Structures are given as structure tokens and as C-alpha cells.
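Fold and geometry: a report
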Amino acid sequence: LHNIGLVLVPWVVLAAVLAWFLLRDVPIKANFRQQIDIFGNRNTWFLMLIYLMTFGAFSGFAAQFALLINNTYGISSPFAHEPNVVRGATYAFLPPLIASAVRVIWGPLCDKFGGAIWTFVSWVGMTISIFVAASFLNPTEMGDYKGFLAAMFAMFFFAGIGNAGTFKQMPMIMPPRQAGGVIGFTAAIAAFGPFIVGVALANLDDRAFFIGCGVFFVFCTALTWVMYARPKAPYPG
């Protein structure tokens, strides 16, 4: 395991070289006081919640996915004695693969149709998926894990759409001087996803936490529709 990080080293070096020669600064200047005025714009907080739902949920559940499988259906579950017991590590790479690939694929669609509508589609899909997944967290037979996997993979798929949609929204909704700061702030908060999900699953009943996430998803879905995605929304993006 300690050698896995070494695989990333040449890619980090390549990215640094490309960034040095190809990246350009946005031609917008702002002092510190002007930069922190993003916190006076309510859309900063709305977009933070929205991106916490997409990237935060994706990264959080992806980090805990193998453990969830092991504890519910695998080597640490009541089904551990089964001859073909499920091993979470077998599926651990799939959530990042699914969500990241979908994010890339959906970028051009968000550019064409706008980010808000795809963000809303993502929320609907994630909300349904998380409630379906919750229904498989108290399994009665080993075969239930297929339904759990399908629901979780669907959630990661829709989270990928939401990641693309939300990042398209931010520069469309926020004033140019504030857009970069909002993107950085929302991304930083959403990066706490693995910590939040990990702590919650360690201290709460899994099914109760999933249902709680579903309620949060419903709120974000309604927020996205009212503020950004509906016809004549105040901040279409």
C-alpha cells in the first residue's frame, strides 16, 4: 500500500510542468477585502451546499464504500461464512471511476444546455438512489447486495453529473470577480466529504445516516429548482 502513492509522482510532475507553461491568470485583480466579500453573496452559501451534496457525497461515500460492503455483506458481516463472500476491495475503485468519467463526459452537455438543469437532474437521481440504497442496509439474504451495488453505482453516476453541472453554474451565476473565490471555497468545503461521512458512519446507524443524507438531498434538490433550474429562476446558470 505504501508504494501506491509513488504511481502518482510522474503524473504530478507532468501536471506541474504543463501548469507552468500553459496555465494563465484570470485578468481580474482584487485585494483581500474584495476577495472575502463572496461571503456576503447568498449564492456562495447555496452553491456550497449544492457542491457539498455532489462532490462531498461522492468523495465521502467513495472513501467508505469498501468498508460499507464489508460490514453489510462482506467479510465483517453476518454473511462472512458464505463460500463466495463479497470483498469490498473488489469494488473500491469503481465509485471514483464512475463519477470522474461521467464528470468529464457531461462537461460538454453542461456547456450546451447549462449547468443548472443537469444539476437538478443529478439531485433527483442521487435522492432516489440514496433512499433505494438505504433499503438494502439491513439485508436478509446475500443476494441483496446486488441491489445495494446498483443503487450506489447509480448515486455515483448522478454525482458525476452534478459535479460537472455545479462547476458550470458557478462562473455563470457569480460576478466575474467573485467566481474564482467561490469555486475555491466550495471545493474546499466539499473536500471534507470523506471526513464527514467517515465520522457519521462510525457513530450513527448506517441506515439512519443514509436516510438523513436523503433528506439533505431533497432540500438541495428543491433549492436548485427554486433558485437556478426552474423557468424564470432568479439565477439561471
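Heads up: these notes are all about the structure in this document. (Residues numbered from 1 in each chain as written. Predicted model: local features only at pLDDT ≥ 70, side-chain atom pairs only at ≥ 80, totals over all residues. Heavy atoms only, no water.)

Attention shifts here to helix α9 (residues 206–229). Of the positions making up α9, those classed as buried are F209, F210, C213, G214, F217, C220, T221, L223, T224, M227, Y228 and A229. Those residues of α9 that are buried are in contact with α3 (42–72), α5 (115–134), α6 (144–173) and α8 (193–203). Of the residues flanking the start of α9, the one acting as N-cap is D205, its side-chain oxygen 3.1 Å from the backbone nitrogen of R207. (Buried < 20%, exposed > 50% of the residue type's maximum accessible area, 1.4 Å probe, protein only. Helix = DSSP H or I, 4+ residues; strand = E, 2+ residues; numbered from the N terminus. Contact = heavy atoms within 4.5 Å. Polar contact = N/O pair within 3.5 Å; in protein donor to acceptor, adjacent residues only side chain to side chain.)

Summed over the entire model, instances satisfying the criterion amount to 20 aromatic pairs. Summarising the aromatic geometry, the rings of F39 and W45 are spaced 5.7 Å apart at their centres and angled 40 degrees between planes, so their arrangement reads as tilted. On the basis of relative accessible area, W45 is assigned to the partly exposed category, the value being 36%. Ring geometry for F120 against W225: centres 4.9 Å apart, planes inclined by 40 degrees, an arrangement best described as tilted. Pair noted here: F120 is in helix α5 and W225 is in helix α9, with a separation of 105 residues, a long-range link. A residue is classified by how much of its surface remains accessible, and W225, at 35% relative accessible area, is partly exposed. Each member of the aromatic cluster is reached from another via a ring pair, and the members are Y51, F55, F58, F65, Y73, F79, Y145, F148, F153, F156 and F167. Between R103 and the ring centre of F167, over which it is positioned, the NZ or CZ distance is 4.8 Å. (Phe/Tyr/Trp six-rings, centres within 6.5 Å; stacked < 30°, edge-to-face > 60°. Lys NZ or Arg CZ within 6 Å of the ring centre and 35° of its normal.)

The next thing to look at is unusual backbone geometry. Phi at K232 is positive, roughly 60 degrees, even though this residue is not glycine. Tracing the sequence through the fold places K232 in the segment after α9.

A separate point is α3. At F65, α3 is deflected by roughly 50 degrees, the largest bend along its length. With 22 of its 31 residues buried, α3 lies for the most part within the structure. For α3, the side-chain oxygen to backbone nitrogen distance between the N-cap and N43 is 2.9 Å, and the N-cap itself is N41. (Bend = angle between axes of the 7 residues up to and from the residue.)

F61, F148, M152 and F210 are the most contacted members of the largest nonpolar core, which has 55 residues in total. Counting residues per element, the ones that place at least two in this core are α3, α4 (94–113), α5, α6, α7 (176–190), α8 and α9. When residues in this core are grouped by element, the largest group, 12 residues, is from α3. Setting aside residues no more than four positions away along its own chain, F61 makes contact with L68, I130, M152, M155, F156, V197, F209, F210 and C213. Core analysis: the next-biggest nonpolar cluster, separate from the first, contains 6 residues, V102, W106, C110 and I161 among them. (Core = buried A, V, L, I, M, F, W, Y, C linked by side-chain atoms within 4.5 Å.)

Here we come to the packing of α5 against α6. Two elements in contact, α5 and α6, have axes separated by 7 Å at closest approach and are oriented at 160 degrees. By the angle between their axes, α5 is roughly antiparallel relative to α6. Here α5 and α6 pass one another in a crossing that is left-handed. Among the residues forming the contact of α5 with α6, the class breakdown is 16 nonpolar, 9 polar and 1 charged. (Axes fitted to C-alpha atoms, helices over the stretch in contact; angles between N-to-C directions. Parallel < 35°, antiparallel > 145°, perpendicular 65-115°, else oblique. Left-handed = near helix turned anticlockwise from the far one by under 90°. Nonpolar A, V, L, I, M, F, W, Y, C, P; charged D, E, K, R; others polar.)

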